[in-house]
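Summary of structural features
For reference, the chains in residue letters:
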Amino acid sequence: GAGVSQSPSNKVTEKGKDVELRCDPISGHTALYWYRQSLGQGLEFLIYFQGNSAPDKSGLPSDRFSAERTGGSVSTLTIQRTQQEDSAVYLCASRSRTPGEQFFGPGTRLTVL
Amino acid sequence: TQLLEQSPQFLSIQEGENLTVYCNSSSVFSSLQWYRQEPGEGPVLLVTVVTGGEVKKLKRLTFQFGDARKDSSLHITAAQPGDTGLYLCAGVQSTGNQFYFGTGTSLTVIP
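Residues numbered from 1 in each chain as written. Chains lettered and ligands numbered in written order. Predicted model: local features only at pLDDT ≥ 70, side-chain atom pairs only at ≥ 80, totals over all residues. Heavy atoms only, no water.

1. With respect to the interface of chain B and chain A
- Facing 18 residues of chain B, the contacting portion of chain A comprises 19 residues.
- Counting the surface lost from both chain B and chain A, the interface buries some 1400 Å², and carbon and sulfur atoms represent 51% of this.
- Contact with chain A buries area across many residues of chain B, yet Q98, F99 and F101 of chain B alone supply 34% of it, more than any other trio.
- Counting the contacts that link chain B with chain A gives zero salt bridges.
- Viewed at the interface, chain A and chain B are joined by two residue pairs in polar contact (both at pLDDT 80 or more).
- Of all the secondary-structure elements, those providing two or more residues to the side of chain B that touches chain A are strand 4 (31-37), strand 5 (44-49), strand 9 (85-92) and strand 10 (99-101) of chain B.
- By residue class, the composition of the side of chain B that touches chain A is seven nonpolar, 10 polar and one charged. (Contact = heavy atoms within 4.5 Å. Buried area = accessible area lost by both parts, 1.4 Å probe. Salt bridge = Lys/Arg side-chain N within 4 Å of Asp/Glu carboxyl O. Polar contact = N/O pair within 3.5 Å; in protein donor to acceptor, adjacent residues only side chain to side chain. Helix = DSSP H or I, 4+ residues; strand = E, 2+ residues; numbered from the N terminus. Nonpolar A, V, L, I, M, F, W, Y, C, P; charged D, E, K, R; others polar.)

Below, the structure is given as structure tokens:
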């Protein structure tokens, strides 16, 4: 596709369940970011992938959060044993090597009941 | 730790008025970006500034990067309802590839 896509667009889950969020970046973009955004707030960095390098996981809030990027393309963010405070919009962005501009997907709205 | 602080957090103005949004930090950034986000969508890049003192104009929007590359401002002239949205600044430091996002400014332009 022409842009970054994310699925599902909305996810409602019960506390304690695991969820997987998917991101399809723009073809050819080597960098991929995951962010979390609470209602009307700025973006909180979660994790960054660049090519075949080890990901920068410094933003992951706990060990319940993990992400992988297969084949340098599609990425999956997994949240285990979800908690109510995990409710937020999860945004994915991809970036070409230069000039460094990020292109965002529409996000996945996660609601943990 | 929030590296970039935006002000004001909320702004509601009448159509035709002018406004300025500020993005401030004590840290130096190699570049700074401004995004606009509408409900249910991801942020969309408006501009990137890279040189201290740089001024860029995008129609009625004027962006300025501070001389010391620690702060930036966004000025909108004659605001229109279509300008309504969440405005976010984001900085990149020379030491890494992580984007640090500001706290956001929610703008509402009333017709």
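2. Focus: the environment of F65 of chain A
Residue and element names in this part refer to chain A.
- Relative to the elements of secondary structure, F65 occurs in strand 6 (residues 65-69).
- Between the C-alpha atoms of F65 and V19, which are 46 residues apart in sequence, the distance is 9.9 Å.
- Here F65 is in contact with R36, L60, T78, I79, D86 and Y90, once residues within four sequence places are set aside.

3. A word on the sheet that holds strand 1 (residues 5-7) of chain A
All names here are of chain A.
- Spatial strand order, 1-3-7-6: four strands in an open sheet with antiparallel pairing. At either margin of the open sheet sits one strand with a lone partner, and together these are strand 1 and strand 6. Taken over all neighbouring pairs, the strand axes of this sheet differ in orientation by 15° on average, direction set aside.
- As judged from the five bridges shared by strand 6 and strand 7 (residues 75-79), these two strands associate in the antiparallel manner. Bridge pairing links R69 to S75 in strand 7. (Pairing = 2+ DSSP bridges. Axes fitted to C-alpha atoms, helices over the stretch in contact; angles between N-to-C directions.)

4. Looking at unusual backbone geometry
- A cis geometry characterises the amide bond from S7 of chain A onward to P8 of chain A, with omega recorded as -10°.
- In this structure, P8 of chain B follows S7 of chain B across a cis peptide bond, with omega equal to -10°.
- The topology assignment puts P8 of chain B in the loop between strand 1 (5-7) and strand 2 (10-14).
- Positive phi, close to 45°, is recorded for R81 of chain A, a residue that is not glycine.
- With respect to the element layout, R81 of chain A can be found in the loop between strand 7 and strand 8 (88-95).
- Here R69 of chain B, not a glycine, exhibits a phi torsion of approximately 60°, which is positive.
- Mapping R69 of chain B onto the fold places it in the loop between strand 7 (61-65) and strand 8 (71-76).

5. Focus on the nonpolar core
- By size, the foremost hydrophobic cluster in this structure holds 21 residues, and its most contacted members are L19, L32, W34, F63, L74, I76 and L107 of chain B.
- Of all elements in the fold, only strand 3 (19-24), strand 4, strand 5, strand 7, strand 8, strand 9 and strand 11 (105-110) of chain B reach the threshold of two or more residues within this core.
- With 20 residues, the next largest nonpolar core counts I26, L46, I79 and V112 of chain A among its residues. (Core = buried A, V, L, I, M, F, W, Y, C linked by side-chain atoms within 4.5 Å. Buried < 20%, exposed > 50% of the residue type's maximum accessible area, 1.4 Å probe, protein only.)

6. A short note on the state of the cysteines
- By the definition in use, this model includes two disulfides over all chains.
- Each disulfide pairs two cysteine sulfurs, and for C23 of chain A the partner residue is C92 of chain A, the sulfurs being separated by 1.8 Å. In this structure the cystine formed by C23 of chain A and C92 of chain A twists about its S-S bond by roughly -60°; its chirality is therefore left-handed. Residue C23 of chain A is found in strand 3 (residues 19-24), and its partner C92 of chain A is found in strand 8; the two are separated by 69 residues along the sequence.
- Under the relative-accessibility criterion, C23 of chain A is labelled buried at 0%.
- A sulfur-sulfur separation of 2.0 Å characterises the disulfide bridge that pairs C23 of chain B with C89 of chain B. Torsion about the S-S bond of the C23 of chain B and C89 of chain B cystine: about 80°, corresponding to right-handed handedness. A residue pair is termed long-range when its members are at least 10 positions apart, and C23 of chain B in strand 3 and C89 of chain B in strand 9 qualify at 66 residues. (Disulfide = S-S within 2.5 Å.)

Geometric values such as these leave the question of function open.
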